[in-house]
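Read off the chains here:
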Amino acid sequence: MNFIVAVDKNWAIGYKNNLLVSIPDDMKYFRETTSGKVVVMGKNTLESFPNKKPLKNRVNIVIALEKDYKVDGATVVYSIEEALEEIKKYDQKDVFVIGGGSIYRQMLPYCDTGYVTWINQEYAADTFLPNLDEMQDEWALAQESDENTYFDIEYFFRIYKRK
């Protein structure tokens, strides 16, 4: 299983249920990487999308705590354990955890590849991913793009692999 995320230099991923910054190439990378695949997310992540609708051209699995929560166009499960059961129906290389913070933390032990857009900036944030660079016993940086820029923002596309 995979995860895909954009982080700042402090491994922050969000603030008040929003992304820290919107970089067009990162959005394109996300679309191209996850299109036709399975995306796993928490309810808050789904509700941060335009019109609170599931992502097109993907199987959407939403983890919600409220047992009566339903979403047209998505499979709703009510625990991490149920999510893990549901994703067994799919090829694990086609499954991407897409947030938010609590879901990343709980699903990280089951992931073996991380697609990380690493942004060389610091933002005000309230949601963080564990710093994979500090988890050298578990994770290794396998690939890194050349530096990209969007206005004054420098960023890199990185792929981390579980050891």
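Residues numbered from 1 in each chain as written. Predicted model: local features only at pLDDT ≥ 70, side-chain atom pairs only at ≥ 80, totals over all residues. Heavy atoms only, no water.

A. The environment of Tyr15, seen in detail. Looking at where Tyr15 falls in the secondary structure, it is placed in strand 2 (residues 12-15). Taking the C-alpha atoms as reference points, Tyr15 and Ala124, separated by 109 residues in sequence, lie 6.8 Å from one another. Residues contacting Tyr15, with those up to four places away along its chain left out, are Leu20, Ala124, Ala125 and Asp126. (Helix = DSSP H or I, 4+ residues; strand = E, 2+ residues; numbered from the N terminus. Contact = heavy atoms within 4.5 Å.)

B. Region of interest: the pairing of strand 4 (residues 38-42). Judged by how many residues are buried, strand 4 sits mostly within the fold: 5 of 5 residues are covered. Here strand 4 shows two buried faces, one formed by Val38, Val40 and Gly42 and the other by Val39 and Met41. In the sheet, strand 4 pairs with strand 5 (residues 59-63) via 5 bridges, with the strands oriented parallel. Following the sheet pairing, Gly42 is matched in strand 5 by Ile63. Where strand 4 meets strand 7 (residues 95-99), 4 bridges bridge the pair, whose relative direction is parallel. Across the sheet, residue Val39 finds its bridge partner in strand 7, namely Phe96. (Buried < 20%, exposed > 50% of the residue type's maximum accessible area, 1.4 Å probe, protein only. Pairing = 2+ DSSP bridges.)

C. Broad picture of helix 1 (residues 24-34). Restricting attention to buried positions, one finds in helix 1 the residues Asp26, Tyr29, Phe30, Thr33 and Thr34. Take helix 1 and look down its axis: the buried residues cluster within an arc of 105°, on one side only. Elements in contact with the buried residues of helix 1: strand 1 (2-7), strand 4, strand 7, strand 8 (113-119) and strand 12 (153-162). The positive-phi residue at the C-terminal boundary of helix 1 is Gly36, with phi of around 80°. (Arc of directions from axis to C-beta.)

D. Just the sheet that holds strand 2, in detail. Taken in spatial order, the 3 strands line up as 3-2-9 in an open sheet, and their pairing is antiparallel. For this open sheet the edge positions go to strand 3 (18-19) and strand 9 (127-128), each flanked by a neighbour on one side alone. Bridge count between strand 2 and strand 9: 2 bridges; the pairing is antiparallel. Within strand 9, the position partnered with Gly14 by the bridge is Thr127.

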